[in-house]
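# A structural walkthrough
Listed here are the chains, written in short residue letters.
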Amino acid sequence: IIIAAVASSLLAAFTASLVEPDDLTWASALTAPSRRLEFVHVTKTGGSAIEKAGADKGIIWGACHYMNITDVGCDDPDLPYVAPDFQSYALTSPWHTPAKVLKTQQTPSPYTDDADLFVVVRNPYDRVLSEYYCPWVGFQPKFRKNTKHEKDPNDPKIMNYWVKNMVTKLEQSLNEYSSTSPKDRPKEQARGLNEDPYNLAQKHYVNQAEYIFDGAEQVVKNIVHYEDLTKEFDLLMKEYGLEVRIPPKESSGTYTNQKKKLTYRDLDEESIAAINRYAAKDFDLLGYKKVDKFRPDDEYSLKAELR
């Protein structure tokens, strides 16, 4: 018994000598959950940076499951994918599709029963500005063919008109989709069979609660907040024994628009009202604070009030 106790003590001391307090090594990985961790990519929440951080360590997340992406550094997709030649909420860019929607389709998915899911969420006011400056589907997007750059994107009036129009139309598309019973939606999709509106198929600014909850059930276990992304992401990786780290946003944003100037504080009352109505679940369920307007002297915090 004495020998066993001494041996155990020596082993503990040896293990401790290998581990720096802030470093992740094989020793801390011994206590990590046995389940794998899978990323759910909500638009404009730092997802490309997370996919890149994973790819740097040989971990396939998000879009990297489906395609090679040079900018992200992933080149070994493990799921078959052919982009549909029609617009589909479920199958267009499936890495942006809520897990509850993707599971209704006869298509491979990374969200299998052996995985714990994690997602990054962001204050809806701040997120909508990132959508506005998005190079794919935002205002005068630089990656879309034949885009005319005729207006000043940093004009608050132009921005607010775009935000109100985008949010209102997306809300209509989601309401129409939600009003259709799942049993009435085709399991297999094809041109002419189920062509969803472009704004719905692209899934930009779809409510974050749509990803996290399936009715009353929380299907995404781990929630990371964009406002504390580096800190919370690092803690989650340590919890799962993964040697993945994400640098500060300033140096890790893969598609960050460095020229944007307007902020959430430039949203007018009508835009704020439209966002409050549309993203009510994001505010109520995720702890973000709603306002009716931004005043010059207020001390509004983008951070969620954690519960």
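A few points on the structure. (Residues numbered from 1 in each chain as written. Predicted model: local features only at pLDDT ≥ 70, side-chain atom pairs only at ≥ 80, totals over all residues. Heavy atoms only, no water.)

### Looking at the sheet that holds strand S2 (residues 115–121)
Within a beta sheet, neighbouring strands are joined by backbone hydrogen bonds and run either parallel or antiparallel to one another. Here we have 3 strands laid out as an open sheet, ordered S1-S2-S5, and parallel in their pairing. Since the sheet does not close on itself, it has two edges, and those belong to strand S1 (36–40) and strand S5 (222–225), each with one partner. When strand polarity is set aside, the average angle formed by the axes of neighbouring strands in this sheet is 30°. (Pairing = 2+ DSSP bridges. Helix = DSSP H or I, 4+ residues; strand = E, 2+ residues; numbered from the N terminus. Axes fitted to C-alpha atoms, helices over the stretch in contact; angles between N-to-C directions.)

### Some details on the pattern of salt bridges
Throughout the structure, instances matching the rule amount to 18 salt bridges. Linking Asp126 and Arg122 is a salt bridge whose minimum nitrogen-to-oxygen distance equals 3.1 Å. Here Lys303 ties to Asp228 by a salt bridge, and the two come within 3.3 Å at their closest N and O atoms. Highlighted residues: Lys303 in the segment after helix H12 (280–286) and Asp228 in the loop between S5 and helix H9 (229–239), separated in sequence by 75 residues. We classify Lys303 as partly exposed; its relative accessible area is 44%. Under the relative-accessibility criterion, Asp228 is labelled partly exposed at 26%. Beyond isolated ion pairs, a larger network of salt bridges with shared partners links Arg35, Asp116 and Lys221. (Salt bridge = Lys/Arg side-chain N within 4 Å of Asp/Glu carboxyl O. Buried < 20%, exposed > 50% of the residue type's maximum accessible area, 1.4 Å probe, protein only.)

### Here's the deal with helix H6 (residues 156–178)
With 23 residues, H6 should cover 33 Å at 1.5 Å per step; its first-to-last C-alpha distance of 32 Å lies within 8% of that length. For H6, the full list of buried residues reads Ile158, Met159, Asn160, Trp162, Val163, Met166, Val167, Leu170, Glu171, Ser173, Leu174 and Tyr177. Residues of H6 that are buried make contact with helix H4 (99–102), helix H5 (124–132), helix H7 (198–202) and helix H11 (269–278). The backbone nitrogen of Lys157 lies 2.9 Å from a side-chain oxygen of the residue at the head of H6, namely Asp155. (Expected span 1.5 Å × (residues − 1). Contact = heavy atoms within 4.5 Å. Polar contact = N/O pair within 3.5 Å; in protein donor to acceptor, adjacent residues only side chain to side chain.)

### A word on the state of the cysteines
Taken as a whole and assessed by the stated rule, the structure comprises 1 disulfide. The disulfide that involves Cys64 links it to Cys74, with 2.4 Å between the sulfurs. Linking Cys64 and Cys74, the disulfide has an S-S dihedral of approximately -80° and is accordingly described as left-handed. One end of the pair, Cys64, is in the loop between helix H3 (47–56) and H4; the other, Cys74, is in the loop between H3 and H4, and 10 residues separate them in sequence. Judged by its relative accessible area of 1%, Cys64 is buried. Under the relative-accessibility criterion, Cys74 is labelled buried at 8%. (Disulfide = S-S within 2.5 Å.)

### Focus: the pairing of S1
Judged by how many residues are buried, S1 sits mostly within the fold: 4 of 5 residues are covered. Inspection of the sheet shows S1 paired to S2 by 5 bridges, in the parallel sense. Its bridge partner lying in S2, Val40 is registered against Val119.

### What to know about the nonpolar core
Residues Tyr125, Val128, Val167, Leu267 and Ile275 are the most contacted members of the largest nonpolar core, which totals 61 residues. For this core, the secondary-structure elements that each account for two or more residues are H4, S2, H5, H6, helix H8 (209–212), H11 and H12. At 9 residues, the largest contribution of residues to this core is made by H6. Dropping the residues within four chain positions of it, Leu267 is found in contact with Tyr125, Val128, Leu129, Met159, Asn160, Val163, Ile272 and Ile275. Membership of the second largest hydrophobic core comes to 18 residues, among which are Ala53, Tyr226, Leu229 and Met237. (Core = buried A, V, L, I, M, F, W, Y, C linked by side-chain atoms within 4.5 Å.)

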